[in-house]
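Understanding the architecture of this molecule
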Amino acid sequence: MMLPEIEVGLTEEELAIRDTVHKFAAEVMRPVGERLDRLPDPADVIAEGSELWAVFEQYRALGIGLDAMDDSDLDPLRRARIRALINEEMGWGDGGLAISLSVAEFHRVFARLSGNPELIERFCKTNSTEIGCWAITEPSHGSDMLKNDPKDFQPPARKPDCIAERDGDDFIINGQKSAWVSNGTIADVGVLFCSLMEGDELKGGCVGVVPFDLPGVSKGKPLDKLGQRALNQGEIFFDNVRVPASYLFIGPEMYVPIVEIVLSGANGTMGTIWAGCARAALEHAIDYSKERIQGGIPIGQHPHMQARLFKMLTKVEAARSLVRRVSYFNGLGEGQMHYAIASKVFATQTAFEVASEALQIFGGNGLTREYPMEKLLRDARSAMIEDGCNELLCTLGGSKL
Ligand SMILES: Cc1cc2nc3c(=O)[nH]c(=O)nc-3n(C[C@H](O)[C@H](O)[C@H](O)COP(=O)(O)OP(=O)(O)OC[C@H]3O[C@@H](n4cnc5c(N)ncnc54)[C@H](O)[C@@H]3O)c2cc1C
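This is a predicted model, so every value here is computed, not measured.

A tally of regular secondary structure across the chain gives 14 helices and nine strands. Over its C-alpha atoms the chain spans a radius of gyration of 21 Å, differing by no more than 12% from the 21 Å that the globule rule assigns to 401 residues. Viewed in the frame of its principal axes, the chain has a C-alpha envelope of about 80 × 50 × 45 Å. Counting all 401 residues of the chain, 55% fall into the buried class. Excluding contacts between residues fewer than 6 apart, the proportion of contacts in the chain whose partners are at least 24 apart in sequence is 75%. As presented, the chain carries roughly 17400 Å² of accessible surface, and 55% of it is formed by carbon and sulfur atoms.

So, in structure tokens, the structure goes:
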């Protein structure tokens, strides 16, 4: 079954886009995501001939990427409404693949933000197949990168792992980003967040778009992990990488606001994607409750089961309501980071709780790979760490109150 849409006032156009994306999620993302999840070696996920590449191709063909929507003459609210519907359907299909497809376009957003014609010309070509990423986390600095407290990067704390130093008209980048960078080993280009040094002095953070075909850039092995296994992740290394100064266009004075803006966008997107995962888990549970017979009747006819499903529905609809409201609010340009964090934390927690309860409803079958629940639970669990651990995000959100 598909949960009804209770949003009031969706237009014909919005419904048509939602249905198109739902078809893509049901026919492509979900089955391919399940098959990629089972590959024992994450290198096979990104091997030549992997089904992953067909997912990218078919997604591009749909013309629903961030860029396509930015080029359209949609007003900001309409764009935010459509984006929320698209993300929910993609999260319903496969959360890990939804993240991979979304972050693949991230560098284009930053190239436009730079206002630099060279960057726009180079990275925002129509029909480009370049894959992007958001390279922020470092081996010694996970949550630190979001917290932005300079003392976390000075002795006695660990120094930054990735630094940029000015050299004439260029920056020289050295160090590495952690194995958690989504699309890390398949990315052609990345939005790099790193630390700016002057001699031994840490000046703060800087951000820009860095192509990965520059001499000195190399990649690690694809990461082997518990959930979202279709999402490629891996390290990026920089060995005296020379990049024009205009590419690292955000300096220390704007670093904190940019982290907040990016977190607002990324956490808002995460909220809508993982609300989709929560919905998928509930729909599976309802379907199963109609098939599985115990006590002589389908388990869904036992009142206690009906109450359990109803509690799950309440949580899923609460998550859908919150993430959409935040998307619309942030989409109008009035975005506030703590609302995006609320959306991400609540939706990922809901996805985990609902997937866990749904697995319980499947009984022993829920634990097996023959049924979808164990994968959904692993995927949702990972989302509680992705884009910032939920606890750390709560402290960031709380600091704004
Ligand atoms: C699926 C997935 C996708 C990801 N995608 C990307 C990506 O695209 N790009 C990228 O750069 N990174 C990515 N990450 C990395 C992610 O953002 C980090 O894992 C996250 O920020 C946490 O960092 P950490 O793993 O180093 O944990 P740590 O920061 O070491 O945290 C460990 C524990 O300590 C707690 N903690 C940390 N600091 C504090 C504090 N100040 N106060 C109280 N408690 C604290 C945390 O809540 C956590 O429980 C991804 C991660 C996952 C799981």
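Picking up after the structure, the text goes on.
Positionally, Asp170 belongs in strand E3 (residues 170–177). The residues touching Asp170, leaving out its near neighbours within four places in the chain, are Glu165, Arg242, Val243, Pro244 and Ala245.

With that settled, the discussion passes to the site of the ligand. Around the ligand, the surrounding shell holds 20 residues, and the nearest of these are Trp134, Thr137, Ser143, Ser182 and Glu391. In this structure, Ile136 approaches the ligand through a main-chain N or O atom, which is 2.9 Å from an oxygen atom. With respect to the ligand, the side chain of Glu391 contributes an N or O atom lying 2.4 Å from an oxygen atom. Protein contact buries 69% of the 980 Å² of open area that the ligand shows by itself. Mapped by element, the contributors of at least two residues to the shell around the ligand are strand E1 (134–135), helix H9 (143–147) and helix H14 (390–398). Residue classes in the shell around the ligand are distributed as eight nonpolar, eight polar and four charged. Residue contributions to the shell around the ligand reach at least three from each of two domains, namely domain 2 (134–253) and domain 3 (256–398).

This next bit is on the pairing of strand E7 (residues 236–244). Two elements, E3 and E7, share seven bridges in a ladder whose sense is antiparallel. Opposite Asp170, over in E7, you have Pro244 as the bridge partner. Two elements, strand E6 (residues 217–219) and E7, share three bridges in a ladder whose sense is antiparallel. In the strand pairing of E7, Val217 is matched with Phe238.

Right, let's talk about the domain arrangement of the chain for a bit. Annotation of the chain at the domain level lists domain 1 (12–123), domain 2 (134–253) and domain 3 (256–398). Once you take the C-alpha centre of each, domain 1 and domain 2 turn out to be 24 Å apart. Taken residue by residue, the interface counts 30 residues in domain 1 and 24 residues in domain 2. Taken together, the two surfaces of domain 1 and domain 2 that pack against each other cover about 2100 Å², and 70% of this comes from carbon and sulfur. Sorting the residues of domain 1 by area buried against domain 2 places Pro42, Ile46 and Phe110 first, and these three jointly supply 22% of that buried surface.

We now examine the pairing of strand E2 (residues 162–167). Looking along a regular strand, one sees side chains alternate from face to face of the sheet. Pairing of E2 with E3 involves six bridges; the strand directions are antiparallel. Residue pairing across strands places Arg166 opposite Phe171, the latter belonging to E3. Here E2 folds back onto E3 in antiparallel fashion, the turn holding two residues, of which Gly168 has a positive phi close to 60 degrees. Note that E2 and strand E4 (residues 189–198) share three bridges and pair parallel. Each residue of the ladder has a partner; that of Ile163, found in E4, is Ser195.

In total, this model carries 14 aromatic pairs according to the counting rule given. Through a chain of ring-to-ring contacts, three or more aromatic side chains come together here, namely Phe106, Phe110, Trp134, Phe193, Phe249 and Tyr255. In this structure, Arg166 packs its charged tip against the face of Phe171, placed 5.3 Å from the ring centre. Arg381 extends its terminal NZ or CZ atom over the ring of Phe352, reaching a point 5.7 Å from the ring centre.

Another aspect to go through is the packing of helix H10 (residues 252–291) against helix H13 (residues 373–383). The axes of two packed helices give the description: the angle between them and the distance between them. Contact pair H10 / H13: the axes reach a minimum separation of 11 Å and the direction vectors enclose 155 degrees. Relative to H13, H10 is oriented roughly antiparallel. Relative to H13, the crossing made by H10 is left-handed. Along the contact surface, H10 presents Met270, Trp274, Cys277, Ala280, Ala281 and His284, while H13 presents Met373, Leu376, Asp379, Ala380 and Ala383.

Another point: the packing of helix H12 (residues 337–361) against H13. Interhelical geometry of H12 versus H13 gives an angle of 155 degrees and a closest axis separation of 8 Å. Classified by the interaxial angle, the pair formed by H12 and H13 is roughly antiparallel. In this structure, H12 crosses over H13, and the sense of that crossing is left-handed. In this structure, H12 uses Lys344, Thr348, Ala351, Phe352, Ala355, Ser356, Ala358 and Leu359 to contact H13, whose residues at the interface are Met373, Glu374, Leu376, Leu377, Ala380, Arg381 and Ala383. Considering only residue class, the contact of H12 with H13 consists of ten nonpolar, two polar and three charged.

Criteria and thresholds
Throughout, residues of each chain are indexed from 1 in the direction in which the sequence is written. A pLDDT threshold of at least 70 governs which residues receive local features in this predicted model, and a stricter bar of 80 or more applies before side-chain atom pairs are shown or counted, although totals over entire chains, interfaces and linings include all residues. The basis for every side-chain value is the complete set of heavy atoms in the structure, and neither hydrogens nor water enter the calculation. Runs of H or I in DSSP of at least four residues are treated as helices and runs of E of at least two as strands, each being numbered from the N terminus. Between the two quantities, the radius of gyration covers C-alpha atoms and the globule rule is 2.2 Å times the number of residues to the power 0.38. In this scheme, a residue with accessible area under 20% of its type's maximum is buried, one over 50% is exposed, and one in between is partly exposed, where area comes from a 1.4 Å probe on protein chains only. Only heavy atoms enter the contact rule, under which two residues are in contact if any of them lie within 4.5 Å. In short, Shrake-Rupley with a 1.4 Å probe defines the accessible areas, and a residue's cover is counted only from the protein chains shown. Working definition: residue near molecule or strand if any one of its non-hydrogen atoms lies within 4 Å of it. A 3.5 Å cut-off defines polar contacts: any pair of N or O atoms within that distance qualifies, except that in protein one atom must be a possible hydrogen donor and the other a possible acceptor, and neighbouring residues in sequence count only when both atoms are side-chain atoms. Residues are grouped as follows: Ala, Val, Leu, Ile, Met, Phe, Trp, Tyr, Cys and Pro are nonpolar; Asp, Glu, Lys and Arg are charged; all remaining types, including Gly, are polar. Reported domain spans reflect what an automatic or database domain assignment gives. The pairing criterion is simple: DSSP has to find at least two bridges between the two strands. Two parts lose some accessible area (1.4 Å probe) when they are put together, and adding that loss for both gives the buried area. Pairs were defined over the aromatic rings of Phe, Tyr and Trp, the Trp ring being its six-membered one, requiring ring centres within 6.5 Å. Orientation was assigned from the angle between planes: stacked under 30 degrees, edge-to-face over 60, tilted for the rest. In this scheme, the term charge over a ring applies when either NZ of a lysine or CZ of an arginine sits within 6 Å of the ring centre and within 35 degrees of the ring normal. Note on definitions: angles span 0 to 180 degrees between N-to-C directions of axes, and those axes are lines fitted to C-alpha atoms, for helices only across the stretch in contact. In what follows, roughly perpendicular refers to angles from 65 to 115 degrees, roughly parallel to angles under 35, roughly antiparallel to angles over 145, and oblique to any angle outside these ranges. Rotating anticlockwise by less than a right angle from the far helix to the near helix defines a left-handed crossing, while the corresponding clockwise rotation defines a right-handed one.

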